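Below, each chain spelled out in residue letters.
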Amino acid sequence: MDTQTSTICHSEVISKINQDGFVVLRNAINNDLIIKTRSFAADFLECDDAPDVIIRAMEKLESTDKSAFFDFCFRMTQVPPVLSTGLSKDFMKIAEEVIDSKNIHLTDCGLFYNKLSVRRLQYKWHQENSYFPNANEVLSLWYPWLHAVNKKNGTMIMAKGAHNLKYETAHIRVKDGLTQKEILEADLANYKKVDCELELGDAVLFSFNAPHRTGHNSTDTPRSTVIIRYADKIGKFASGWKP
């Protein structure tokens, strides 16, 4: 298999998503596809393909041309190694079962960037279901492609087991940034918060009902991750989202 969910079987993955709202998969992303993803990034950015060089080139682009940075992040979701990862038989099969559809689409994929000073690209507590109000489920695959992610460099934080409720949200538009559908911290006070610490090759699969947020990056190096979302035709073409 070009991409595999390590030794975790599909039924165990789905059981964990149902139980906790998410599951961490070890050695799930093919390393050759990660390396090829960097090659495409280096080509777009016209730099060396070393991870440290790519992230600094991204940092420079974000600070000098936000529109070009947005275009770069979108283009990266369309390159063959990212699409190949998303279209892996294992991930597609899990998505079919979780979403309960044999016709799965990739939708709203993205490249995330977390730098301490760039607040406009940092998500507060939210559920993906706020962005797909007409869908029954959207499954997300989230993984690092340049460096390992951890609490120190601001990895994603999940509220374990908080996916069984729909929360009231505040709709906040951020200039040149993300539209927030923020859940109050107090509403998640009773749930354990889990920092998704991932090595390269690891990934997180999570339900669109799972509350999560961007962690605090206390390092001087931005961190970047890929997100691939799976949906049926409603989630893809009639999600009901209104910015």
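Residues numbered from 1 in each chain as written. Predicted model: local features only at pLDDT ≥ 70, side-chain atom pairs only at ≥ 80, totals over all residues. Heavy atoms only, no water.

With that out of the way, let us pick up the overall build of the protein chain. Helices and strands together make up the secondary structure of the protein chain, namely 7 helices and 10 strands. Expressed along its principal axes, the backbone C-alpha trace of the protein chain runs to roughly 45 × 40 × 35 Å. Considering only contacts within the protein chain whose residues lie at least 6 apart along the sequence, 84% involve residues at least 24 apart. Here the protein chain has roughly 11,500 Å² of accessible surface; of this, 49% comes from carbon and sulfur atoms. When the 30 positive and 31 negative side-chain charges of the protein chain are each reduced to one mean point, those points stand 5 Å apart. (Helix = DSSP H or I, 4+ residues; strand = E, 2+ residues; numbered from the N terminus. Contact = heavy atoms within 4.5 Å. Areas by Shrake-Rupley, 256 points an atom, 1.4 Å probe, with all protein chains shown as cover. Lys, Arg positive; Asp, Glu negative; His and termini not counted. Charge placed at Lys NZ, Arg CZ, Asp CG, Glu CD.)

For strand S10 (residues 223-231), the buried fraction is high: 9 of the 9 residues fall into the buried class. Alternating residues of S10 divide into Arg223, Thr225, Ile227, Arg229 and Ala231 and Ser224, Val226, Ile228 and Tyr230, and every residue in both groups is buried. Note: strand S2 (residues 105-114) against S10, 8 bridges, orientation antiparallel. The residue bridging Asn114 from the neighbouring strand is Arg223, located in S10. When strand S3 (residues 139-144) meets S10, the two strands line up antiparallel, connected through 6 bridges. Pairing of Ser140 across the sheet is with Arg229, part of S10. (Buried < 20%, exposed > 50% of the residue type's maximum accessible area, 1.4 Å probe, protein only. Pairing = 2+ DSSP bridges.)

Now for the packing of aromatic side chains. Using the criterion set out here, one finds 2 aromatic pairs in the structure. For the ring pair Phe44 and Phe72, a centre distance of 6.4 Å and an interplane angle of 85 degrees mean the geometry is edge-to-face. Here the residue Phe44 occupies a position in helix H2 (residues 31-45), and Phe72 occupies one in helix H4 (residues 66-76), the gap between them amounting to 28 residues. Aromatic side chains Phe69 and Tyr113 sit 5.1 Å apart centroid to centroid with 70 degrees between the ring planes, which places their arrangement in the edge-to-face category. Here Tyr113 lies in strand S2 and Phe69 lies in helix H4, a separation of 44 residues in the sequence. Taken as a pair, Phe69 and Tyr113 share a single burial class, namely buried. (Phe/Tyr/Trp six-rings, centres within 6.5 Å; stacked < 30°, edge-to-face > 60°.)

Here we come to the sheet that holds strand S7 (residues 193-195). Overall, antiparallel pairing links the 3 strands, which are arranged S7-S4-S9 in an open sheet. At either margin of the open sheet sits one strand with a lone partner, and together these are S7 and strand S9 (212-214). Taken over all neighbouring pairs, the strand axes of this sheet differ in orientation by 25 degrees on average, direction set aside. Alignment of strand S4 (residues 156-159) against S7, held across 3 bridges, turns out to be antiparallel. (Axes fitted to C-alpha atoms, helices over the stretch in contact; angles between N-to-C directions.)

Met58, Phe72, Leu139, Leu141, Trp145, Leu205 and Tyr230 are the most contacted members of the largest nonpolar core, which totals 42 residues. Once residues lying within four places of it in the same chain are set aside, the contact partners of Leu139 are Ile17, Ile94, Ala95, Val98, Ile99, Leu205, Phe206, Ser207, Ile228, Arg229 and Tyr230. Grouped together as the second largest cluster of nonpolar side chains are 11 residues, Met158, Cys196, Leu198 and Ile227 included. (Core = buried A, V, L, I, M, F, W, Y, C linked by side-chain atoms within 4.5 Å.)

Scored by pLDDT, the protein chain comes out at a mean of 92, with 93% of its residues at no less than 70. Within the model, pLDDT remains below 50 along residues 1-5, and this stretch shows 23 contacts once partners closer than five positions in the same chain are excluded. (pLDDT = per-residue confidence, 0-100.)

Here we come to the sheet that holds strand S1 (residues 22-25). Read across the open sheet, the 5 strands follow the order S1-S8-S3-S10-S2; overall the sheet is antiparallel. Each of the sheet's edge strands pairs with one partner strand only, and the pair in question is S1 and S2. Taken over all neighbouring pairs, the strand axes of this sheet differ in orientation by 20 degrees on average, direction set aside.

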